[in-house]
Amino acid sequence: MFQKVSKLKNFGIFRDFKWKQDTPDFAKFNLIYGWNRTGKTTLPRVFVACEKQTFQFKEYPQGGEFEIKVKDAYCDE
């Protein structure tokens, strides 16, 4: 289970995002909402990269980086 997105760099609208210490980790159920073009679709793209264990698909940006905390492990690029 994904716990948090530790880092997003040059990925979607995120230029240098870091998860803040006081931000709670993801739980079993999460609600993600916001205005158009605020980064909601970016999260599933990151999760797909981890799931497929590849970064070779058209939605993955050139030079994009991310790091995800996954239940005592990390998925990163």
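Structure: above.
Residues numbered from 1 in each chain as written. Predicted model: local features only at pLDDT ≥ 70, side-chain atom pairs only at ≥ 80, totals over all residues. Heavy atoms only, no water.

### Some words on the environment of Gln 62
Its place among the elements puts Gln 62 in the loop between helix H1 (42–52) and strand E3 (65–70). For Gln 62 and Asn 10, which are 52 residues apart along the polypeptide, the C-alpha to C-alpha distance reads 8.3 Å. (Helix = DSSP H or I, 4+ residues; strand = E, 2+ residues; numbered from the N terminus.)

### As for the side chain of Thr 42
Structurally, Thr 42 can be placed in helix H1. With residues up to four places along the chain from it excluded, the contact list for Thr 42 reads Phe 11, Gly 12, Ile 13 and Phe 14. (Contact = heavy atoms within 4.5 Å.)

### Let's talk about the pairing of strand E1 (residues 2–11)
Where E1 and E3 come together, six bridges link them in antiparallel fashion. Considered in E3, the bridge of Lys 7 is made with Glu 67. Across four bridges, the pairing between E1 and strand E2 (residues 14–18) is antiparallel. Within E2, the position partnered with Lys 7 by the bridge is Lys 18. (Pairing = 2+ DSSP bridges.)

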